[in-house]
Amino acid sequence: MLRDPLLQPFRLKHLVLKNRLMSTAHEPAYSEDGLPKERYRLYHAEKAKGGIALTMTAGSAIVSRDSPAAFGNLQAYRDAIVPWLRELANSCHEHDCKVMIQLTHLGRRTGWNKADWLPVLAPSSVREPAHRAFPKVMEAWDIERIVADYASAAERMKAAGLDGIEFEAYGHLMDGFWSPMTNTRDDEWGGALDNRLRFTWAVIDAVRAAVGSDFIVGIRMVADEDAEKGLSRAEGVAIAQRLAASGKFDFLNIIRGTIETDAALTEVIPITGMRSAPSLDFAGEVREATQFPTFHAARIADVATARHAIASGKLDMVGMTRPHIADPYIMRKVLEGEEHRIRPCVGATYCLDRIYEGGEALCIHNAATGREATIPHVITRTSGRLKTVVVVGAGPAGLEAARVLAERGHRVTVLEASSQAGGQLRLAVQNPRRRELIGIVDWRLAELERLGVAVRYDVWAEPEDVLALKPDVVVIATGGLPQNPPLEAGDDLVTSSWDILSGAAKPAETVLLFDDNGGHQGMSAAELIGRAGSVLELVSPERMFAPEMGGMNHVPYMRAFQEHGVRVTINTRLQAVRRDGNKLVATLSSDFAKGWREERRVDQVVVEHGTVPLDELYHALKTLSANAGAVDYEALVSGNNPFPTTEPDNGFILFRIGDAVASRNIHAAIYDGVRFTLSL
């Protein structure tokens, strides 16, 4: 039997990594007061339990006060971080998982109007579009103190018992000196490549003086900015070769591209619908050119690709970072011969979009990630009485509820009105670019089959259908139906986004799409309309369109809109629609200018206003249930039993989840599915 390349240990200086999977540095924004407290520790410890060899914390921990956190960054410049990191490292080391941390000065990739309100710094006064700050040009004393800050931060990391550190050098301060796009200095820190590398050498020399030659130090670096005026491939590879040959670094972690705009960022961190592992071959070329330990991560989303990366000699360690957010137990499942049970990363990038919009990382379909204190990744069997459960609806919420209840040992039956599972996800994947999302459904169906759960299709459940199964628990996960926005007139003249996505209505020649929901639904409908060749105007009442969707997912929509001439109008509301001959006239209004009106003559008006709960069955069953549908929210949010009684003398426990309650999103549906059922 051939040995699995992923299971082979890798020696990095004195450190033995037990396999070839790692989680690269990223900031989940779980920090509290800039420190990695319990939530942060539990998140990384779960990956350690799951068998990963190396978890790289922080993305990135900041070394200086004038590098204020841009998205929840850890504060490596404070002594207070040491005991918290020591606790995190100890928790991971219990499972033979090594722990490193990424250190940085963010440079221009942050804002000045936060934290201590110190000026943003950069080698030159080149503004980063993403964070919009106009940086101060670094002076000699800035360089001197920041070099010292790197060294003292590295000392703290060693004192915390971490196994090593890496510098961040893509889009931050260090590589800001490398790139001719961001370094226009005419002194000894700019110009020739040797001068542009001077800051890097100053930092590594100071760090080595502080932590010694044995402590592991690597660098996550851009080796090709793939931009007209940026760092070229030739210079980037030359930098990699110099760093490797210096004897001062222990590994290279290779990146290709820039991250100064949302559009550029998605090329570095591709999302759903984009090519798998787009920079893997390039990372392999750098490894070949340097003959040096090489790490890499960029949409290596499946074990087969990771295995290929090692077997072909392109990488020494494979970063599967978003996949471990979806399933921290990837390696354990590989070891146990259950690779087919890995919960797939579907590329939705809900995790990163939340971070970049000021939230914390959450996986679109693993609600336990980031909630390890209250929701287990591995569901255990109940020690209580086994119950008969009926779940009505096989969308994301219903499938998740059925999965968790079956893992708990209960007898579960799912009733689904349509001929296939998936609910609104079936609409989402009608956009070809988003078809990978079907993995959310397929994975759960496979788990239900393993658990012996029956899914009955083409059953429009009535109360008698539910009661005939003699349930102890009834879960209503019937989802919702599209609803129109409030209109003065013309409610019967508009077409829903669902009709467009499902193909029930074809895009007309000229279309106005009004979206005041602000998520993927309206944007996907707009993308399909634009690609169909229609003349489309997308109208939003918001000051920015699609506010419920983050910047990374915004990119492919905007690309499609510009390629197909879609007109976007913000700060405008659809007031009414009327028929005029064979055309429709849409009356538009403004929240800002009282009495302002404009009209559009189009062939079709499409609207997106979320969903209204499909809850007739729930209300019909309420009076027959033991709890009348009531939920104890205090118990629910604390992880305890959310129902007034779970052992009724007569009747059954009834509750509803997902869009059967109110219009929300996929993550909310799945979160409902697990937290409402976990204590049963």
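Note: the structure precedes this text.
A short tour of the structure in this document, coming up. (Residues numbered from 1 in each chain as written. Predicted model: local features only at pLDDT ≥ 70, side-chain atom pairs only at ≥ 80, totals over all residues. Heavy atoms only, no water.)

**Digging into the sheet that holds strand β10 (residues 251-255)**
Inference 1: An order of β3-β4-β5-β8-β9-β10-β11-β12 is seen for the 8 strands of this closed barrel, with the pairing classed as parallel. Across the sheet, the mean angle separating the axes of adjacent strands is 25° when strand polarity is ignored.
Inference 2: Here strand β9 (residues 216-222) pairs with β10 via 5 bridges, running parallel. Its bridge partner lying in β10, isoleucine 219 is registered against leucine 252.
Inference 3: On the sheet, helix α1 (residues 38-49) packs against β3 (21-23) and β4 (54-62) and is oriented at approximately 150° with respect to β4.
Inference 4: Against the sheet, helix α3 (residues 140-159) makes contact with β5 (98-104) and β8 (164-169), and its axis sits at roughly 165° relative to β5, the strand it touches most. (Pairing = 2+ DSSP bridges. Helix = DSSP H or I, 4+ residues; strand = E, 2+ residues; numbered from the N terminus. Axes fitted to C-alpha atoms, helices over the stretch in contact; angles between N-to-C directions. Contact = heavy atoms within 4.5 Å.)

**Here we look at empty space enclosed by the protein**
A probe matching the size of a water molecule, rolled over the atoms, marks out where space remains unfilled.
Inference 1: Enumeration according to the criterion identifies 4 cavities of 30 Å³ or more in this entry.
Inference 2: Taken as a whole, the largest cavity encloses approximately 420 Å³ of empty space.
Inference 3: Along the walls of the largest cavity sit 30 residues, with Ala25, His26, Tyr170, Arg220 and Ile269 positioned nearest its centre.
Inference 4: Among the secondary structure elements, those contributing two or more residues to the lining of the largest cavity are α8 (262-268), α11 (321-326) and α13 (350-356).
Inference 5: For the lining of the largest cavity, the element with the most residues is α11, which contributes 4 residues.
Inference 6: Among the residues forming the lining of the largest cavity, the class breakdown is 17 nonpolar, 7 polar and 6 charged.
Inference 7: Its boundaries defined by the atoms lining it, the second largest cavity holds a volume of some 130 Å³.
Inference 8: Along its surface, the second largest cavity is lined by 15 residues, and Arg108, Gly171, Asp175, Thr182 and Glu225 are the ones closest to its centre.
Inference 9: Tallied by class, the residues present in the lining of the second largest cavity amount to 3 nonpolar, 7 polar and 5 charged. (1 Å grid on protein atoms, 1.4 Å probe; cavity = no way out; pocket = protein on both sides within 12 Å on 5 of 7 lines; lining within 4 Å. Points joined across faces, edges and corners; volume = space filled by probe spheres on them. Nonpolar A, V, L, I, M, F, W, Y, C, P; charged D, E, K, R; others polar.)

**Focus: the packing of aromatic side chains**
Inference 1: All chains considered together, the criterion is met by 12 aromatic pairs.
Inference 2: With a centroid separation of 6.1 Å and an interplanar angle of 85°, the aromatic rings of phenylalanine 167 and phenylalanine 249 are classed as edge-to-face. Taken as a pair, phenylalanine 167 in strand β8 and phenylalanine 249 in the loop between α7 (233-245) and β10 lie far apart in primary sequence, 82 residues in all.
Inference 3: Taking the relative accessible area as the measure of exposure, phenylalanine 249 reaches 2% and is therefore buried.
Inference 4: The interplanar angle of 35° and the centroid separation of 6.3 Å between the aromatic rings of phenylalanine 545 and phenylalanine 561 together place this pair among those described as tilted. Here phenylalanine 561 lies in helix α20 (residues 551-563) and phenylalanine 545 lies in the loop between β20 (535-539) and α20, a separation of 16 residues in the sequence.
Inference 5: Taking relative accessible area as the criterion, phenylalanine 561 reaches 0% and is therefore assigned buried.
Inference 6: Put simply, the rings of Tyr150, Phe167, Phe177, Trp189, Phe199 and Phe249 touch in pairs and so form one group of aromatic residues. (Phe/Tyr/Trp six-rings, centres within 6.5 Å; stacked < 30°, edge-to-face > 60°. Buried < 20%, exposed > 50% of the residue type's maximum accessible area, 1.4 Å probe, protein only.)

Note that all results are geometric; they support no functional claim without further evidence.
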